[in-house]
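Here are the chains, one letter per residue:
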2 protein chains.
Amino acid sequence: MSDLAPDIAARLRRNPDGLVPAVVQQHDTGEVLMLGWMDDEALARTLAGGRVTYWSRSRREYWRKGDTSGHRQWVKEVRLDCDGDTLLVRVDQEGPACHTGDRTCFDADVLFADGR
Amino acid sequence: MSDLAPDIAARLRRNPDGLVPAVVQQHDTGEVLMLGWMDDEALARTLAGGRVTYWSRSRREYWRKGDTSGHRQWVKEVRLDCDGDTLLVRVDQEGPACHTGDRTCFDADVLFADGR
């Protein structure tokens, strides 16, 4: 059992691993910073305010971003999509969001750019 | 076999269903519009330029957004994240992105808002 509010838990549509993807966006610039994964408990902790908590699929543990790196994410807003299967988390990101040191996890690899 | 370039296919990390999530963002305003899913072929079609193609998990078919609704997405830029397991697709969205008629799939359900 998690601490997630029952009305929210009832709206969530989780993948077979019990997770939903969370798109993370810098609240003022609109930059898409990264995508993380949350189970009910990670979402409950994130909704408590303060900092964003994910479920790490590789380490199989909760992961409050910034605890190791110092690059903390402060929660500004959390939204659930029309299907209940994706979260949008708007944050204030301290420093780089990416473990490579890039500002966002999408900075390095451009597959296609129209007319540039 | 898909038409995806081998160097890109080699960098993609797919989920057990062979899919990667694609975060879709309006290129000029920064709005996060929706999240869709792509397999190699959907990505190849999207990278060919023009409009965004997804794999519909519910209908189990390719889905070029706008063919039914008229709400077409024109591809501006496609990026792959640092782990190779998430795409960021920047588009020019015609009309609402959400099947509910909302501009984005995240308009309706705010779970948390800080200080507002």
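The shown structure was predicted, so the numbers you read here are calculated from the model rather than taken from an experiment. (Residues numbered from 1 in each chain as written. Chains lettered and ligands numbered in written order. Predicted model: local features only at pLDDT ≥ 70, side-chain atom pairs only at ≥ 80, totals over all residues. Heavy atoms only, no water.)

Each copy of the sequence occupies a distinct position, and chain A is placed on chain B by a rotation of 180° and an axial shift of 0.0 Å, giving an RMSD of 0.0 Å. One copy is carried onto the other by what is essentially a two-fold rotation axis. Using C-alpha coordinates, one finds that chain A approaches the rotation axis most closely at A:Gly30, a distance of 2.5 Å. (Least-squares fit on C-alpha atoms with pLDDT ≥ 70 in both.)

For chain A, mean pLDDT is 96; residues scoring 70 or higher make up 99% of the total. Across the assembled chains, the prediction reports ipTM 0.95 with pTM 0.96. (pLDDT = per-residue confidence, 0-100.)

Turning next to the packing of aromatic side chains. Centre-to-centre distance and the angle between the planes together describe a pair of aromatic rings. Residues and elements named next belong to chain A. Counting across every chain of the model gives four aromatic pairs over all chains. Taken together, a centroid distance of 5.0 Å and an interplanar angle of 75° make the contact between tryptophan 55 and tyrosine 62 edge-to-face. Judged by relative accessible area, which is 30%, tyrosine 62 ranks as partly exposed. Its end group placed over the ring of tyrosine 62, arginine 45 keeps NZ or CZ at 4.3 Å from the ring centre. (Phe/Tyr/Trp six-rings, centres within 6.5 Å; stacked < 30°, edge-to-face > 60°. Buried < 20%, exposed > 50% of the residue type's maximum accessible area, 1.4 Å probe, protein only. Lys NZ or Arg CZ within 6 Å of the ring centre and 35° of its normal.)

Turning our attention to unusual backbone geometry. One non-glycine residue with positive phi stands out, namely A:Arg60, at about 55°. Residue position: A:Arg60 is located in the loop between strand 3 (53-56) and strand 4 (61-64). (Helix = DSSP H or I, 4+ residues; strand = E, 2+ residues; numbered from the N terminus.)

Bringing helix 2 (residues 40-47) of chain B into the picture now. Residues and elements named next belong to chain B. Extensive coverage of helix 2 is indicated by the burial of seven of its eight residues. Of the residues making up helix 2, those classed as buried are Asp40, Glu41, Ala42, Leu43, Ala44, Thr46 and Leu47. Put simply, aspartate 39 is the residue that caps the front of helix 2, since its side-chain oxygen is 3.2 Å from the backbone nitrogen of glutamate 41. Just beyond helix 2, the residue with positive phi is glycine 49, at close to 90°. (Polar contact = N/O pair within 3.5 Å; in protein donor to acceptor, adjacent residues only side chain to side chain.)

Attention shifts here to the environment of A:Leu19. All names here are of chain A. In this fold, leucine 19 is placed in the loop between helix 1 (6-11) and strand 1 (20-26). A residue is classified by how much of its surface remains accessible, and leucine 19, at 4% relative accessible area, is buried. With 20 residues separating them along the chain, leucine 19 and aspartate 39 place their C-alpha atoms 4.6 Å apart. With residues up to four places along the chain from it excluded, the contact list for leucine 19 reads Arg14, Trp37, Met38, Asp39, Trp55 and Arg57. (Contact = heavy atoms within 4.5 Å.)

Turning to the interface of chain A and chain B, a few remarks are in order. Taken together, the contacts link 39 residues of chain A with 38 residues of chain B. Between chain A and chain B, a total of about 3,400 Å² is buried, with carbon and sulfur atoms accounting for 60% of that surface. When the area that chain A buries against chain B is broken down by residue, the three leading residues are A:Phe106, A:Leu111 and A:Phe112, summing to 22%. Across the chain A-chain B interface, the total number found is five salt bridges. Put simply, A:Asp85 and B:Arg57 hold a salt bridge, and the shortest N to O gap is 3.2 Å. Inspection of the region where chain A meets chain B yields 20 residue pairs in polar contact (both at pLDDT 80 or more). Per element, the largest residue contribution to the side of chain A that touches chain B is six residues, and it comes from strand 5 (residues 73-80) of chain A. The residue makeup of the side of chain A that touches chain B, split by class, is 21 nonpolar, six polar and twelve charged. (Buried area = accessible area lost by both parts, 1.4 Å probe. Salt bridge = Lys/Arg side-chain N within 4 Å of Asp/Glu carboxyl O. Nonpolar A, V, L, I, M, F, W, Y, C, P; charged D, E, K, R; others polar.)

What follows is about the layout of surface pockets. By volume, the second largest pocket amounts to about 160 Å³. Lining the second largest pocket we find A:Gln25, A:Glu77, A:Arg79, A:Leu88, A:Arg90, B:Thr29, B:Gly30, B:Glu31, B:Val32, B:Thr104, B:Phe106 and B:Asp107. When contributions to the lining of the second largest pocket are tallied by element, the ones reaching two or more residues are strand 5 and strand 6 (87-93) of chain A. Its residues assigned to classes, the lining of the second largest pocket shows three nonpolar, four polar and five charged. (1 Å grid on protein atoms, 1.4 Å probe; cavity = no way out; pocket = protein on both sides within 12 Å on 5 of 7 lines; lining within 4 Å. Points joined across faces, edges and corners; volume = space filled by probe spheres on them.)

This part takes up the side chain of A:Gln25. Relative to the helices and strands, A:Gln25 resides in strand 1. A relative accessible area of 3% places A:Gln25 in the buried class. Residues contacting A:Gln25, with those up to four places away along its chain left out, are A:Gly30, A:Glu31, A:Val32, A:Leu33, A:Leu88, A:Val89, A:Arg90, A:Val91, B:Gln25, B:Gly30 and B:Val32.

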